[in-house]
Amino acid sequence: MGDSGGHVGRGGRGGRGDSTRSVHAGRPPAVAYEPSLPGPVFVSHYHLPGEPAGPYLYGRDENPTWTRLEEALSQLESPDAAAEAVVFSSGMAAISSVVLAHVRSGDTVVLPSDCYQTTRALRDRLESYGVRVRLAPTAGEAQLDVLDGAKLLWIETPSNPELDVCDVRRLAETAHAAGALVAVDNTLATPLGQRPLNLGADFAVASGTKALTGHGDLLLGYVVVRDAELAASVRLWRKTVGAIPGPMEAWLAHRSLATLQLRVERQAANALALAAALKERDEVSGVRHPGLPDDPAHRVAAAQMRWFGSVVSFVLPDQDHADRFLTALRLTSEATSFGSVLSTAERRGRWGGDSVPDGFIRFSVGVEDADDIVADVLQALDAAK
Ligand SMILES: *Cc1c(COP(=O)(O)O)cnc(C)c1O
């Protein structure tokens, strides 16, 4: 699979494996009679006598529970080089911080035309502030053609929901040559599946709501950068708009990281098993999963990813057929979002906003047994005929 840049195996910080790093990331050294992961710190103001100095001044600025999670995320996204993570209240809060804190009126931003639809919705806001927005699809590195004079390139690979993939190294090199900053939305892959900073991005950004934390019980976002100035501007943005995670969410997220490698590995295997089974069905078309050897995205994905994510997308003949299929599923519940330990699926077209066929299904496999997921899908396909 991947070579040096995106490779996510052993290496860095003692050369430990991904499971070991996931379990230990950001936990303080063992101290007698203390928990391995101290509980959430609920605080708005700290005892602060005299001149304000020290790491913890006010609850909107810093919190020790965030600090530990941020250390963990920086280790996972950038095990080989020093980096700084900043956690946010949601993926969109993290994304907005990178976009809005780094462009000014008159600048140009390049967004994917097929990325997460709320990210694309930033376009209207940006244009109202006098920022020019150019859109190009993820597939085929089409964004290469619209980089001239850009200030910021936004990449989302694999893209949600259509699972197209682009060559991050190539785009980042070209964008940097054109003077643009480069951000990659790493939500679908997780830091164990792909390391955007090693591939040349300035910002690794993600929703922690999805596969990163995996239990469908919290919202969170983060940004990881190696450049201290960029880190400071993202941190200042968080403080200014107050887009901070609650300590309980931050703590739950950190607790979830211990099983990240187990989940990512199992979900990638389950996704591949489901995609292979779907390919055998006559009524199913357009099966996409970057791990499928004959997927149009596989070659580029394999060069920069280690795990290919939990999402499989496919198309049923029409909306009614898709709705019958979703209703007939017994194990998998109909829900938006993805990356949970529970399998979920939805007809993506029900939201509008994505240019997908009416029968387009976005399916997120959980960590159930592959045989059970596949059997459930096959019985639902039979029932929907
Ligand atoms: C869900 C999602 C987001 C937004 O994350 P929230 O935590 O829901 O704000 C951003 N990017 C991608 C690719 C997503 O799937």
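Just so we're clear, the structure is a prediction, and the values are computed from it rather than from any experiment. Along each chain, the written sequence defines residue order, and numbers are assigned to residues from 1. Only residues with pLDDT of 70 or above have their local features reported here, since the model is predicted, and side-chain atom pairs are shown and tallied only from 80 upward, although totals for entire chains, interfaces and linings are computed over all residues. Heavy atoms throughout the structure, all of them, feed into the side-chain values; hydrogens and water do not.

J.: Outline the site of the ligand, listing residues and values.
T.: Gly91, Asp185, Ser207, Thr209 and Lys210 are the nearest of the 14 residues found near the ligand. Pairs of N or O atoms within 3.5 Å make up the polar contacts considered here, provided that, within protein, one atom can donate a hydrogen while the other can accept it, and that residues adjacent in sequence are counted only when both atoms are side-chain atoms. With respect to the ligand, the backbone of Gly91 contributes an N or O atom lying 2.8 Å from an oxygen atom. For the ligand, an oxygen atom lies 2.8 Å from a polar atom in the backbone of Met92. All accessibility values rest on the Shrake-Rupley procedure with a 1.4 Å probe; residue burial counts only the protein chains present in the view. Protein chains shield 94% of the accessible area of the ligand, which is 380 Å² for the free molecule. Per element, the largest residue contribution to the shell around the ligand is three residues, and it comes from helix H3 (residues 91-102). Basically, the charged four are Asp, Glu, Lys and Arg, the nonpolar ten are Ala, Val, Leu, Ile, Met, Phe, Trp, Tyr, Cys and Pro, and anything else, Gly included, counts as polar. Among the residues forming the shell around the ligand, the class breakdown is five nonpolar, six polar and three charged. Proximity criterion: a residue is near a molecule or strand once any of its heavy atoms comes within 4 Å of it. Elements are defined by DSSP. Helices are runs of H or I of four residues or more, strands are runs of E of two residues or more, and each kind is numbered from the N terminus.

J.: So what's going on with the pattern of salt bridges? Which residues, and what values?
T.: By salt bridge we mean one thing: a side-chain nitrogen of Lys or Arg within 4 Å of a carboxyl oxygen of Asp or Glu. The final tally for this structure, using the stated rule, is 22 salt bridges. For the salt bridge of Asp61 with Lys239, the shortest nitrogen-to-oxygen distance reads 3.5 Å. Taken together, the residues Asp61 in the loop between helix H1 (18-24) and helix H2 (64-77) and Lys239 in helix H8 (residues 228-241) connect sequence positions 178 residues apart. Buried means the residue's accessible area, taken with a 1.4 Å probe over protein chains only, is under 20% of the maximum for its type, while exposed means over 50%, and partly exposed covers the values in between. A residue is classified by how much of its surface remains accessible, and Asp61, at 16% relative accessible area, is buried. Across the salt bridge formed by Glu346 and Arg350, the nearest N and O atoms sit 2.9 Å from each other. Three or more residues are tied together by salt bridges with common partners; here these are Arg120, Glu334, Glu346, Arg348, Arg350, Asp354 and Arg362.

J.: How would you summarise the pairing of strand E6 (residues 203-207) if you had to cite specific residues and measurements?
T.: In terms of burial, E6 is a largely internal element, five of the five residues being buried. The side-chain alternation of E6 yields two buried faces, one formed by Phe203, Val205 and Ser207 and the other by Ala204 and Ala206. Two strands qualify as a pair provided that DSSP identifies no fewer than 2 bridges between them. Two elements, strand E5 (residues 181-185) and E6, share three bridges in a ladder whose sense is parallel. Bridging from a neighbouring strand, Ala183 pairs with Phe203 of E6. In this structure, E6 lies alongside strand E7 (residues 221-225), joined through five bridges in antiparallel fashion. Bridge pairing links Phe203 to Val225 in E7.

J.: Describe the packing of helix H10 (residues 260-279) against helix H13 (residues 370-384), with residues and values.
T.: Remark: H10 packs on H13, axes separated minimally by 9 Å, with the N-to-C direction vectors making an angle of 30°. Judged by the angle between their axes, H10 and H13 are roughly parallel. Crossing hand, H10 versus H13: right-handed. Contact residues: H10 offers Asn270, Ala273, Leu274, Ala277 and Leu278, while H13 offers Ala370, Ile373, Val374, Val377 and Leu381. When the residues that make up the contact of H10 with H13 are grouped by side-chain class, the tally is nine nonpolar, one polar and no charged. Between the N-to-C directions of two axes lies an angle of 0 to 180 degrees, each axis being a line fitted to C-alpha atoms and, for a helix, fitted only over the stretch in contact. Our angle categories are set so that under 35 degrees counts as roughly parallel, over 145 as roughly antiparallel, 65 to 115 as roughly perpendicular, and the remainder as oblique. The sense of a crossing depends on the near helix, which, turned anticlockwise from the far helix by less than a right angle, makes the crossing left-handed and, turned clockwise, makes it right-handed. When checking whether two residues touch, look at their non-hydrogen atoms; a contact exists if any pair is within 4.5 Å.

J.: Could you give an account of H8, naming the residues involved and the relevant values?
T.: Along its 14 residues, H8 runs 20 Å from first to last C-alpha, staying within 8% of the 20 Å computed at 1.5 Å per residue. Among the residues of H8, those classed as buried are Leu230, Ala231, Val234, Arg235 and Arg238. For H8, the angular spread of buried residues about the axis comes to 135°, placing them on one side. Facing away from the buried side of H8, by more than 90 degrees, are the exposed residues Ala228, Glu229, Leu236 and Thr240. Considering only its buried residues, H8 is in contact with H2, strand E1 (84-88), H3, E5, E6 and E7. Measuring from the side-chain oxygen of the N-cap residue of H8 to the backbone nitrogen of Glu229 gives 3.0 Å; that N-cap residue is Asp227. Positive backbone phi, at 70°, marks Gly242, one or two positions downstream of H8. To estimate the expected span of a helix, subtract one from its residue number and multiply by 1.5 Å. Regarding the arc, it is the one traced by the directions from the helix axis to the C-beta atoms.

J.: Explain the packing of H3 against H8 to me, and be specific about the residues and the numbers.
T.: Interhelical geometry of H3 versus H8 gives an angle of 110° and a closest axis separation of 9 Å. It follows that H3 is roughly perpendicular to H8 by the angle criterion. Contacts between H3 and H8 pair Ser96, Ser97, Leu100, Ala101 and His102 from the former with Leu230, Ser233, Val234 and Trp237 from the latter. Among the residues making up the contact of H3 with H8, the classes are represented as five nonpolar, four polar and no charged.

J.: Residues and numbers for a nonpolar patch on the surface, please.
T.: A residue counts toward a patch only above 30% relative accessible area and without a salt bridge, and it is joined to like-charged neighbours within 9 Å or, for Val, Leu, Ile, Met, Phe, Trp and Tyr, to nonpolar neighbours within 5 Å. Judged by side-chain polarity, Leu48, Leu57 and Tyr58 come together as a nonpolar surface patch covering roughly 230 Å² of accessible area. You can see Leu57 is positioned in the loop between H1 and H2.

J.: Hey, could you go over the environment of Gln75 for me, with residue numbers and the actual values?
T.: Of note, Gln75 is situated in helix H2. In this structure the C-alpha to C-alpha distance between Gln75 and Leu153, which are 78 residues apart in sequence, comes to 24 Å. Here Glu71 takes part through its side chain, which lies 2.7 Å from a polar atom of the side chain of Gln75.

Spatial relationships are all this shows, so hold off on functional conclusions.
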